Amino acid sequence: GENVEQHPSTLSVQEGDSAVIKCTYSDSASNYFPWYKQELGKGPQLIIDIRSNVGEKKDQRIAVTLNKTAKHFSLHITETQPEDSAVYFCAASMGAAGNKLTFGGGTRVLVKP
Amino acid sequence: SAVISQKPSRDICQRGTSLTIQCQVDSQVTMMFWYRQQPGQSLTLIATANQGSEATYESGFVIDKFPISRPNLTFSTLTVSNMSPEDSSIYLCSVEILSYTFGSGTRLTVV
């Protein structure tokens, strides 16, 4: 089955700096890659996703890049703010209806003011 | 995206008892997914629940421990049976409508 590795497990950045989280996946059939933000006491919230026919996607301060050949994808957060502090999860799926998500181990991001 | 209501939001239970968690979705969906998130860990899929058929369980999870009901296209329940402290986790339901949406979770503590 699919295996998703996520690095780093913790990330501390100064407010205003950029944060980068990287994930690798094992199953070349995976074609849907969402990123979730989970704040304390809440369920994961989708922040951005990318499908394998796209190399990069951007939404304001958040961007995701995908390298299908190398089977890795990354989340980039620019101009970080204290409210970006949370746990971030990457995931992979084969994208067809009903296919399960396989999650990475998570990255705890702390943005220091 | 869908709106998911999950109940209870948290509970403290005695070992050996069972807890049933409810998940209500504001849209009709074919499949509902149940995940477990152990303390400080990532999400692990327990099972996929189809309306009108038995749930499909992932490796390491069995129906006797985690029975699931799916009586209609907007509702599902997950029961955690004969609980032990190792079952202390957050349990989340999820559905897919264009993207995967999660409920706010049930934080279970077994004492």
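Our subject is the structure that appears above.
Remember, predicted model here, so these are calculated numbers, not experimental data.

1. A word on the overall build of chain B
Link 1 in the chain: From N to C terminus, chain B includes zero helices and 11 strands.
Link 2 in the chain: When its helices and strands are written in sequence order, chain B yields β-β-β-β-β-β-β-β-β-β-β.
Link 3 in the chain: Relative to a compact globule of 111 residues, whose C-alpha radius of gyration would be 13 Å, chain B shows 13 Å and is just as compact.
Link 4 in the chain: In terms of overall dimensions, chain B has a C-alpha envelope of 40 × 25 × 20 Å along the principal axes.
Link 5 in the chain: Classification of the 111 residues of chain B by burial places 50% in the buried group.
Link 6 in the chain: A total of about 5,200 Å² of accessible surface is found on chain B, and carbon and sulfur atoms cover 48% of it.

2. Re the sheet that holds strand β1 (residues 4-7) of chain B
Strand pairing in a sheet is mediated by backbone hydrogen bonds. Such pairs are either parallel or antiparallel.
Residues and elements named next belong to chain B.
Link 1 in the chain: If you walk across this open sheet you meet the four strands as β1-β3-β8-β7, and the pairing is antiparallel. Every interior strand has two partners, whereas the edge strands, β1 and β7 (68-72), have only one. Mean inter-strand twist for the sheet, computed between neighbouring axes without regard to direction, equals 15 degrees.

Thresholds, definitions, all that
- Residues numbered from 1 in each chain as written.
- Chains lettered and ligands numbered in written order.
- Predicted model: local features only at pLDDT ≥ 70, side-chain atom pairs only at ≥ 80, totals over all residues.
- Heavy atoms only, no water.
- Helix = DSSP H or I, 4+ residues; strand = E, 2+ residues; numbered from the N terminus.
- Rg over C-alpha atoms; globule rule 2.2 N^0.38 Å.
- Buried < 20%, exposed > 50% of the residue type's maximum accessible area, 1.4 Å probe, protein only.
- Areas by Shrake-Rupley, 256 points an atom, 1.4 Å probe, with all protein chains shown as cover.
- Pairing = 2+ DSSP bridges.
- Axes fitted to C-alpha atoms, helices over the stretch in contact; angles between N-to-C directions.

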